[in-house]
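Take a look at the letters that make up each chain.
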Amino acid sequence: MRPGRADEARPEAGAGGARPAHAEETRPAVRPRSARPPRAEDARPAVREPDAGPARTEGARPAVRPENTWTVRTEEARPAARTESARPVVQRASVRGQILDALRTALVAGELAPGEVYSAPALGERFGVSATPVREAMQQLALEGAVEVVPNRGFRVVERGTRELAELTEIRGLIEVPVMLRLARTVPAARWAELRPLAEATVRAASSGCRATYAESDRTFHRAVLGLAGNQQLVRIADDLHRRAQWPLVGGPVSRGRADLVADAAEHTALLDALIAEDLTVVQALVREHFTGAS
């Protein structure tokens, strides 16, 4: 019976041989799993195929990145083509700047009366634009001290008296007079001669009788003179004081009359003549008279 058992054991071994078959069946199941590198290789073409796609998306990133800037976030340029997203920014800044210049001109000309309240929508209709750039420009004027914010109403033009104008004139004299006298001793005559067109422009502006035009021409000449000192902070501060000194006074005339403007402009050309001639005595007298007469 032992041999029979051995024979029976062999079939069982044969049946047990099915176990190797199962093992062989499991091996292919294991081998594909162990064949993960082929799957990785299969994945590589999947990665390589979109290579053209990532190249395009990478090419698109520069168009997306400008939208992350602070300026573009406030704009409505995102629905437009991304490559042109910067254009509305320039246009909007240009509109805001133009409105700011127009409001400054209206302020100097007396069209914006001291003490009066003006709303952004009403001014927007006047300039043919929306209220947004007008509101932003008025906020800039508020920072400069020209207007003050009135909640739920708009902006009130600040009321200024003769005392404030005298204080501004005194500060301008303390800053600009020493600088001009120093420049008179150091700047060659040829450099002064280059400023003659600006001085002559102030004369023409004064002759026109337009106070706003003369105000801009006057500041341009003074900026050019102070710019020879090479101190941009000085130019910026002096120009801000100069602009504030040009604002109208409450309860008085909008500004000096045409004759006063012409006389003021004539001092510019006379000053240049003295600087070119290197006559420091005349230069000092004209500079001090120019500022004391400005008040």
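In short, a report on the structure.

Conventions used here
- Residues numbered from 1 in each chain as written.
- Predicted model: local features only at pLDDT ≥ 70, side-chain atom pairs only at ≥ 80, totals over all residues.
- Heavy atoms only, no water.
- Pairing = 2+ DSSP bridges.
- Helix = DSSP H or I, 4+ residues; strand = E, 2+ residues; numbered from the N terminus.
- Buried < 20%, exposed > 50% of the residue type's maximum accessible area, 1.4 Å probe, protein only.
- Contact = heavy atoms within 4.5 Å.
- Salt bridge = Lys/Arg side-chain N within 4 Å of Asp/Glu carboxyl O.
- Axes fitted to C-alpha atoms, helices over the stretch in contact; angles between N-to-C directions.
- Parallel < 35°, antiparallel > 145°, perpendicular 65-115°, else oblique.
- Left-handed = near helix turned anticlockwise from the far one by under 90°.
- Nonpolar A, V, L, I, M, F, W, Y, C, P; charged D, E, K, R; others polar.
- Expected span 1.5 Å × (residues − 1).
- Polar contact = N/O pair within 3.5 Å; in protein donor to acceptor, adjacent residues only side chain to side chain.
- Bend = angle between axes of the 7 residues up to and from the residue.

**A look at the pairing of strand β3 (residues 154-157)**
Moving on, step 1. Sheet analysis places strand β1 (residues 117-118) next to β3, joined by two bridges and oriented antiparallel. In the strand pairing of β3, Y118 is matched with F155.
Moving on, step 2. Bridge count between strand β2 (residues 147-150) and β3: four bridges; the pairing is antiparallel. The partner of V149 across the bridge, within β3, is F155.
Moving on, step 3. Counting the residues that bridge the hairpin from β2 to β3 gives three residues, and of these N152 lies at a positive phi of roughly 65°.

**A look at the environment of L280**
Moving on, step 1. Along the chain, L280 turns up in helix α14 (residues 280-294).
Moving on, step 2. With a relative accessible area of 36%, L280 lands in the partly exposed category.
Moving on, step 3. When neighbours within four sequence positions are excluded, L280 is seen to be in contact with A184 and R185.

**A word on the pattern of salt bridges**
Moving on, step 1. Throughout the structure, instances matching the rule amount to 15 salt bridges.
Moving on, step 2. Its salt-bridge partner being R96, residue E136 comes within 3.0 Å of it at the nearest N-O pair. Here the residue E136 occupies a position in helix α7 (residues 131-144), and R96 occupies one in helix α5 (residues 86-109), the gap between them amounting to 40 residues.
Moving on, step 3. The class of R96 is partly exposed, set by a relative accessible area of 30%.
Moving on, step 4. The salt bridge partner of R156 is E148, with a shortest N-O separation of 3.2 Å.
Moving on, step 5. Classification of R156 as partly exposed rests on a relative accessible area of 26%.
Moving on, step 6. Residues joined in a network through salt bridges with shared partners are E216, R219, R223, D239 and R243.

**Some details on the packing of helix α10 (residues 196-208) against helix α13 (residues 258-277)**
Moving on, step 1. At a minimum axis distance of 8 Å, the contact between α10 and α13 shows a crossing angle of 165°. In terms of orientation, α10 and α13 fall into the roughly antiparallel class. Relative to α13, α10 is oriented so that their crossing is left-handed. Here α10 contributes R196, A199, E200, T202, V203, A206 and S207 to the contact with α13, which in turn contributes R258, L261, V262, A265, H268, T269, L272, D273 and I276.
Moving on, step 2. Its residues assigned to classes, the contact of α10 with α13 shows eight nonpolar, four polar and four charged.

**Describing helix α12 (residues 232-245)**
In an α-helix, one turn spans 3.6 residues; hence positions three or four apart end up facing the same way.
Moving on, step 1. Taking 1.5 Å as the rise per residue, α12 with 14 residues should run 20 Å; its terminal C-alpha atoms sit 20 Å apart, in good agreement.
Moving on, step 2. N-cap assignment for α12: the residue whose side-chain oxygen lies 3.1 Å from the backbone N of Q233 is N231.

**Some thoughts on unusual backbone geometry**
Glycine aside, the phi torsion of most residues is negative, and most peptide linkages are trans.
Moving on, step 1. For N152, which is not a glycine, the phi torsion comes out positive at approximately 65°.
Moving on, step 2. Mapping N152 onto the fold places it in the loop between β2 and β3.

**A few points about helix α8 (residues 162-186)**
Moving on, step 1. Spanning 25 residues, α8 covers 36 Å between terminal C-alpha atoms, matching the ideal 36 Å at 1.5 Å per step.
Moving on, step 2. Taken as a whole, α8 carries its principal kink of about 30° at G173.
Moving on, step 3. Within the sequence span of α8, burial applies to L165, L168, T169, R172, G173, E176, V177, V179, M180, L181, L183 and A184.

**A word on the environment of L103**
Moving on, step 1. Among the secondary structure elements, L103 is positioned in helix α5.
Moving on, step 2. Note on L103: relative accessible area 0%, which makes it buried.
Moving on, step 3. Separated by 35 residues in sequence, L103 and M138 have C-alpha atoms that sit 8.0 Å apart.
Moving on, step 4. The contacts of L103, once residues within four sequence positions are left out, are L112, L123, F127, V134, A137, M138 and L141.

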